[in-house]
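Each chain is listed here by its residues.
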2 protein chains.
Amino acid sequence: MPLPDVVVNRSSPVPLYFQVAEQLERAIFEGKLAPGDRIANEVALAGDLGLSRPTMRQAIQLLVDKGMLVRKRGVGTQVVHPPIKRTVELTSLYDDLKRGGRQAETQVLDQQLVEADEVAASRLKVAEGSSVWKLDRLRTVDGEPLALMRNFVPAAISDLSHVDFTTTGLYEHFRAGGIHLRVAHQTISARRAETAEARLLGGRKGDPVLTMERTSFDDSGRAVEYGTHLYRPDLYAYETTLVDR
Amino acid sequence: MPLPDVVVNRSSPVPLYFQVAEQLERAIFEGKLAPGDRIANEVALAGDLGLSRPTMRQAIQLLVDKGMLVRKRGVGTQVVHPPIKRTVELTSLYDDLKRGGRQAETQVLDQQLVEADEVAASRLKVAEGSSVWKLDRLRTVDGEPLALMRNFVPAAISDLSHVDFTTTGLYEHFRAGGIHLRVAHQTISARRAETAEARLLGGRKGDPVLTMERTSFDDSGRAVEYGTHLYRPDLYAYETTLVDR
DNA sequence: GTCAAGAGTTTGTTAGGACATATGGACGTT
DNA sequence: AACGTCCATATGTCCTAACAAACTCTTGAC
């Protein structure tokens with residue numbers, strides 16, 4: 001019965017369940033816990049670590065939600081995760097790339113205040129014709145065009161007039177302004193690139209592009225951002241982990 | 001302070017937290033709780049329903065994880081969800097369409113035992129050359145070709161020899177056989193259709209197609225199914241809700 | 001030998017209580 | 001008028017405790 005060497009620090013401000021989850025996650029990524037391995041039962045684990053069972057359960061639940069562990073009543077908890085990639089989080093492409101250590105660059109094509117059209121207004125739940133920021137960017141990685149991104153942000157949410165988006169990601173700007181993104185709805189599909197799009201993405205008219213439409217909400221439930229993005233499918237794929245509860 | 005009329009049935013086998021979550025979810029979908037509304041605090045809600053606070057929290061947490069509610073410490077819990085579509089669950093396309101009340105039909109193009117090639121073997125974590133079922137299907141909706149699906153299932157997991165996939169979905173077959181899918185890894189992108197693919201999907205060579213690669217794991221952590229699917233992007237889009245924890 | 005009943009194991013659900021911490025507004029000071 | 005402090009509020013974390021339900025394995029009957 002593999003029982004990883006986890007230790008908790010009670011004087012740390014980091015929640016106990018989170019400390020445990022982090023260490024278990026690391027153990028799985030490092031291969032100390034291999035897929036198929038069963039971990040000790042909750043009661044024993046809690047006892048060994050000097051924690052209560054609910055706290056131990058909370059730690060395990062976090063990893064279950066990430067798709068790294070599965071529980072079965074009467075049986076135990078087993079490792080599933082094939083150590084490929086971390087769960088998709090609510091971050092922007094910019095953050096993703098930056099963490100991956102790749103040379104991401106952004107070109108701002110357009111950045112101005114416009115009147116919201118019907119689609120943007122309905123997605124952002126603002127009145128048609130109201131003031132929204134329009135932001136067109138081209139993202140390149142290692143010199144290669146990767147994504148063409150168009151975003152709308154209600155003027156009431158944030159002022160983008162003096163923000164330099166060649167060095168700052170949109171989500172990064174929100175975080176700095178105290179706006180905490182919590183939920184996003186996404187729709188992913190594909191279509192042919194139009195002439196202007198293809199030129200910017202370094203391809204030809206009619207090339208297939210991956211399309212993503214996204215609306216993000218903050219911790220007050222306000223719609224904060226609506227975007228339509230185009231990706232070059234030969235350079236980008238969208239990865240997710242689904243977990244059944 | 002909107003406080004929905006929720007009632008719990010203690011003699012029901014359905015967990016209390018789930019009963020509460022279901023009714024809150026319905027209230028949101030029916031518009032009784034509008035986006036932006038704040039619900040009563042956990043302690044009051046628990047008291048009114050005769051539940052303990054942990055149970056009430058569990059109910060709310062379920063909806064927070066679904067992206068329908070957001071919590072803010074010191075402030076309260078608010079409704080986010082724009083009542084568009086339910087969360088993406090770990091179901092197959094067949095289930096999705098069936099629930100949508102559309103006329104989904106399946107044509108089995110190929111269904112045989114083959115030796116696992118390198119890719120399938122590595123995804124399914126079986127030895128290269130070992131026995132796997134190969135299943136090629138064409139899904140049509142309302143008479144229109146929608147998806148071309150290729151799936152591999154290890155022979156050790158399930159015997160597909162006598163299964164009629166024109167009437168049974170793959171996931172449905174797993175459930176009937178006592179295999180419970182828990183986690184799936186997906187990669188979504190796009191490319192041009194090849195000649196044979198385009199013909200089956202009712203288009204032309206070079207048409208853009210949405211591609212999805214998926215590996216599913218059951219509640220023992222076993223890889224159960226690996227599939228590569230092609231979708232017609234004019235008829236299908238992949239929708240998700242991301243939630244930041 | 002086969003199958004069913006029962007015991008043991010492990011997660012699932014629920015309760016009740018306590019203290020911590022972030023938020024926002026009220027109030028008072030500068 | 002602007003700023004900072006304090007307090008009420010609501011969620012976040014953690015604990016102890018108990019019983020329920022699902023699964024596995026062993027035991028016993030036929």
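Going by the structure above, here's the rest.
Residues numbered from 1 in each chain as written. Chains lettered and ligands numbered in written order. Predicted model: local features only at pLDDT ≥ 70, side-chain atom pairs only at ≥ 80, totals over all residues. Heavy atoms only, no water.

Enquirer: Explain the protein's contact with DNA strand C to me, please; I cannot follow it from the model alone.
Expert: The environment of DNA strand C is made up of 25 residues, and the closest members are Arg57(A), Arg10(B), Leu16(B), Thr55(B) and Arg73(B). In DNA strand C, atoms within 4 Å of the protein come 72% from sugar and phosphate. Between DNA strand C and Tyr17(B) there is a distance of 2.9 Å, counted from a phosphate oxygen to a side-chain nitrogen or oxygen. Take Thr55(B): an N or O atom from its side chain is 2.6 Å from a phosphate oxygen of DNA strand C. (Near = heavy atom within 4 Å. Polar contact = N/O pair within 3.5 Å; in protein donor to acceptor, adjacent residues only side chain to side chain.)

Enquirer: Got a minute to help me understand the interface of chain A and chain B in this structure?
Expert: Size of an interface: often given as the accessible area lost when the parts come together. Chain A puts 49 residues into the contact, and the matching count from chain B is 49 residues. Applying the counting criterion to the chain A and chain B interface returns four salt bridges. Its salt-bridge partner being Lys72(A), residue Asp219(B) comes within 3.7 Å of it at the nearest N-O pair. Counting every contact that joins chain A to chain B gives 20 residue pairs in polar contact (both at pLDDT 80 or more). Among the elements that make up the side of chain A that touches chain B, the one with the highest residue count is strand S7 (residues 181-192) of chain A (12 residues). Residue classes in the side of chain A that touches chain B are distributed as 22 nonpolar, 12 polar and 15 charged. The sheet contact formed by strand S10 (residues 238-243) of chain A and strand S7 (residues 181-192) of chain B spans six bridges and is antiparallel. Looking at S7(B), one finds that Tyr238(A) is bridged to Ile188(B). (Contact = heavy atoms within 4.5 Å. Salt bridge = Lys/Arg side-chain N within 4 Å of Asp/Glu carboxyl O. Helix = DSSP H or I, 4+ residues; strand = E, 2+ residues; numbered from the N terminus. Nonpolar A, V, L, I, M, F, W, Y, C, P; charged D, E, K, R; others polar. Pairing = 2+ DSSP bridges.)

Enquirer: Explain the packing of helix H2 (residues 42-49) of chain A against helix H3 (residues 53-65) of chain A here, please?
Expert: In helix packing, the relevant descriptors are the interaxial angle and the interaxial distance, both defined with respect to the helix axes. Residues and elements named next belong to chain A. At a minimum axis distance of 9 Å, the contact between H2 and H3 shows a crossing angle of 110 degrees. In terms of orientation, H2 and H3 fall into the roughly perpendicular class. As H2 runs across H3, the sense of the crossing is right-handed. Of the residues in H3, those touching H2 at Glu42, Val43, Leu45, Ala46 and Leu49 are Arg53, Met56, Arg57 and Ile60. Along the lines of polarity and charge, the residues of the contact of H2 with H3 split into six nonpolar, no polar and three charged. (Axes fitted to C-alpha atoms, helices over the stretch in contact; angles between N-to-C directions. Parallel < 35°, antiparallel > 145°, perpendicular 65-115°, else oblique. Left-handed = near helix turned anticlockwise from the far one by under 90°.)

Enquirer: Got a minute to help me understand the packing of aromatic side chains in this structure?
Expert: Any pair of aromatic rings gets described here by the distance separating the centres and the angle formed by the planes. Residues and elements named next belong to chain A. Per the counting criterion, the structure on display carries eight aromatic pairs over all chains. Judged by centre distance (6.5 Å) and plane angle (90 degrees), the rings of tyrosine 17 and phenylalanine 18 are edge-to-face. For arginine 137, the ring lying beneath its charged end belongs to phenylalanine 165, and the centroid distance is 5.8 Å. (Phe/Tyr/Trp six-rings, centres within 6.5 Å; stacked < 30°, edge-to-face > 60°. Lys NZ or Arg CZ within 6 Å of the ring centre and 35° of its normal.)

Enquirer: Help me out: how do you make sense of the relation of the copies chain A and chain B in this one?
Expert: Between the two chain copies there is a screw-like relation: a rotation about an axis and a shift along it. Screw-axis analysis of chain A against chain B gives a translation of 0.0 Å along the axis, an RMSD of 0.1 Å, and a rotation angle of 180 degrees. The two molecules are tied by a two-fold rotation axis, judged by turn and shift. Residue Pro208(A) of chain A places its C-alpha closer to the rotation axis than any other residue of that unit, at 2.5 Å. Comparing interface residues between copies, 100% of those in chain A also lie at the interface in chain B; the contact surface is shared. (Least-squares fit on C-alpha atoms with pLDDT ≥ 70 in both.)

Enquirer: I tried to follow H2(A) on my own but got confused; where do I start?
Expert: Structurally, the α-helix is built with 3.6 residues per turn, so residues lying three or four positions apart point the same way. Residue and element names in this part refer to chain A. The complete set of buried residues in H2 reads Glu42, Leu45, Ala46 and Leu49. Buried residues of H2 fall within an arc of 100 degrees about the axis and therefore sit on the same side. In H2, those exposed residues whose orientation departs by more than 90 degrees from the buried face are Val43 and Asp48. Buried residues along H2 sit against helix H1 (16-29), strand S1 (38-39), H3 and strand S2 (69-72). Two to three positions downstream of the cap, the backbone nitrogen of valine 43 sits 3.0 Å from a side-chain oxygen, assigning the N-cap of H2 to asparagine 41. Looking one or two residues past H2, glycine 50 carries a phi angle of roughly 75 degrees, positive in sign. (Buried < 20%, exposed > 50% of the residue type's maximum accessible area, 1.4 Å probe, protein only. Arc of directions from axis to C-beta.)

Enquirer: Help me understand the sheet that holds strand S1 (residues 38-39) of chain B, please; the structure alone is not making it clear to me.
Expert: To summarise the sheet geometry, strands pair through backbone hydrogen bonds and adopt either a parallel or an antiparallel arrangement. All names here are of chain B. The strand order S1-S3-S2 describes an open sheet built from three strands, whose pairing is antiparallel. Of all the strands in the sheet, just S1 and strand S2 (69-72) have a single pairing partner and so form its edges. Of the pairings in the sheet, the one linking S2 to strand S3 (residues 76-79) comprises four bridges and is antiparallel in character. Residue pairing across strands places valine 70 opposite glutamine 78, the latter belonging to S3. Sheet contacts for helix H3 (residues 53-65): S1, S2 and S3; angle to S2, the most-contacted strand, approximately 120 degrees.

Enquirer: Would you explain the nonpolar core in this entry?
Expert: For soluble globular proteins, the rule of thumb is that nonpolar side chains tend to be buried together. Ranked by size, the top nonpolar core spans 26 residues in total, and within it Ile188(A), Leu210(A), Tyr238(A), Ile188(B), Leu210(B) and Tyr238(B) carry the most contacts. When residues of this core are traced back to their parent elements, those giving at least two are strand S6 (144-154), S7, strand S8 (208-218) and S10 of chain A together with strand S6 (144-154), S7, strand S8 (208-218) and strand S10 (238-243) of chain B. Not counting residues within four places of it along the chain, the set of residues in contact with Leu210(A) comprises Ile188(A), Ser189(A), Ala190(A), His229(A), Leu230(A), Tyr231(A), Pro233(A), Tyr236(A), Ile188(B), Ser189(B), Ala190(B) and Leu210(B). Counting residues in hydrophobic clusters, the runner-up holds 23 residues, among them Ala27(A), Leu45(A), Met68(A) and Val79(A). (Core = buried A, V, L, I, M, F, W, Y, C linked by side-chain atoms within 4.5 Å.)

Interpretation note: all reported values are geometric properties and have no functional meaning in isolation.
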